[in-house]
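The lines below spell out each chain.
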Amino acid sequence: MKKRSLVLLLLLAFASVTQAQTNLRGDAYYHFSKARIFDEQGRSAQAIEEYKKALELDPNNSLIHSEIADSYLKNNRVREAVDSAEKAIQSNPDNVEAHKLLSGVYIQMIGRANAQQPPNPETVNNAIREFEEIVRIDPTEQQAFLMLGRLYQIKGDRNRATEIYKSFLGIEPGSEEGGTALAK
């Protein structure tokens, strides 16, 4: 009898915990949905606040981290965008949108370089890492292949750039852009 009561008590406790988790996830989804609506309306401050509320309820949700990162980036809050995208990747290393966001930030930083101030090698390496992840996750992402090849050229690693372009042409054999990049 005691054993049966203990099992029943454990089942009730588990059901309560499961119900609480479901409620939290539902509440997080509510705030996430509200944030997306605010984002679509151009109400970024409210969107970011709603994303934060969603993250309080579901702190390891890669999608929420990725979306708030995008909102931060749209509002030129680059450091916060990078931090949130990195959290999204920590939660889910295959979150291609977070990798794209980070790669975009690094490309912007590289694009600001000029003859007097060449791109920071660490930034180039970070961009390469992100584009390698993008093509690992989605090997059909053509622009990622091309950008990865360009980054290896910037880095001065022509052999690796050639490998990347050849891989790209194996996927997209008729690409003029790929053929031109390989020829260079």
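How each quantity is defined
- Per chain, residues are indexed from 1 in the order of the written sequence.
- Local features in a predicted model are, by the rule used here, given only for residues with pLDDT of at least 70; side-chain atom pairs are given and counted only at 80 or more, and totals for whole chains, interfaces and linings are based on all residues.
- Remark: hydrogens and water are excluded; side-chain values derive from all non-hydrogen atoms of the structure.
- In DSSP terms, a helix is any run of H or I states spanning at least four residues, a strand is any run of E spanning at least two, and both are numbered starting from the N terminus.
- Exposure categories follow from relative accessible area, calculated using a 1.4 Å probe and restricted to protein chains: below 20% of the type maximum is buried, above 50% is exposed, and the middle band is partly exposed.
- Residue contacts are defined here by distance: any two heavy atoms, one from each residue, within 4.5 Å place the two residues in contact.
- Areas reported here follow the Shrake-Rupley algorithm with a probe of radius 1.4 Å; residue values treat only the protein chains shown as occluding.
- A helix is expected to span 1.5 Å for every residue after the first.
- Polar contacts, as used here, are pairs of N or O atoms within 3.5 Å; protein pairs need one atom able to donate a hydrogen and one able to accept it. Residues neighboring in sequence count only if both atoms are side-chain atoms.
- Aromatic rings from Phe, Tyr and Trp, with only the six-membered ring used for Trp, were paired whenever their centres fell within 6.5 Å, and each pair was classed as stacked if the ring planes differed by under 30 degrees, edge-to-face if by over 60, and tilted otherwise.
- Salt bridges are counted wherever a side-chain nitrogen of Lys or Arg sits within 4 Å of a carboxyl oxygen of Asp or Glu.

Enquirer: Sorry if this is basic, but what is going on with the overall build of the protein here?
Expert: When its secondary structure is counted, the protein shows nine helices and zero strands. Written out in order from the N terminus, the α and β elements of the protein read α-α-α-α-α-α-α-α-α. Expressed as a percentage of the 184 residues in the protein, the buried residues total 35%. Counting contacts in the protein only where the partners sit at least 6 residues apart, residues at least 24 apart contribute 42% of the total. When the accessible surface of the protein is split by element, carbon and sulfur atoms take 53% of a total near 11500 Å².

Enquirer: What's the story with the environment of Ala88 in this structure? I'm lost.
Expert: Its place among the elements puts Ala88 in helix α4 (residues 78-91). A C-alpha to C-alpha distance of 8.6 Å links Ala88 and Ala69, two positions 19 residues apart in sequence.

Enquirer: Mind showing me how you'd approach helix α6 (residues 121-137) here?
Expert: Since the α-helix advances by 3.6 residues per turn, residues separated by three or four positions end up pointing in the same direction. Look at α6: 24 Å from first C-alpha to last across 17 residues, which is about the 24 Å you get at 1.5 Å a residue. Buried residues along α6 sit against α4, α5 (96-111) and α7 (142-155). Regarding α6, its N-cap is Asn120, as a side-chain oxygen of that residue lies 2.8 Å from the backbone nitrogen of Glu122 further along.

Enquirer: Looking at this model, I keep getting lost on the packing of aromatic side chains. Mind explaining?
Expert: Both the distance between ring centres and the angle between the ring planes are used here to describe each pair of aromatic rings. Enumeration according to the criterion identifies three aromatic pairs in this entry. Pairing Tyr29 with Phe32 gives two aromatic rings, centres 6.3 Å apart and planes at 35°, and the pair type is tilted. Highlighted residues: Tyr29 and Phe32, both in helix α1 (residues 2-40), separated by three residues, approximately one helical turn. Given a relative accessible area of 7%, Phe32 falls into the buried group.

Enquirer: Which parts of the structure should I look at to understand the pattern of salt bridges?
Expert: Once the charged atoms of two side chains with opposite charge are near each other, the side chains can pair. Evaluated as defined, the whole model comprises 14 salt bridges. One salt bridge connects Glu80 with Arg77, and the closest N-O pair in it is separated by 2.7 Å. A salt bridge links Asp83 to Arg79, with the shortest nitrogen-to-oxygen separation between them at 3.0 Å. Of this pair, Asp83 and Arg79 both sit in helix α4, four residues apart, which is roughly one turn of the helix. Asp83 gets classed as partly exposed once you look at its relative accessible area, which sits at 33%. Its relative accessible area of 53% is what places Arg79 among the exposed residues. Within the structure, one salt-bridge network assembled from shared partners comprises Lys34, Glu50 and Lys53.

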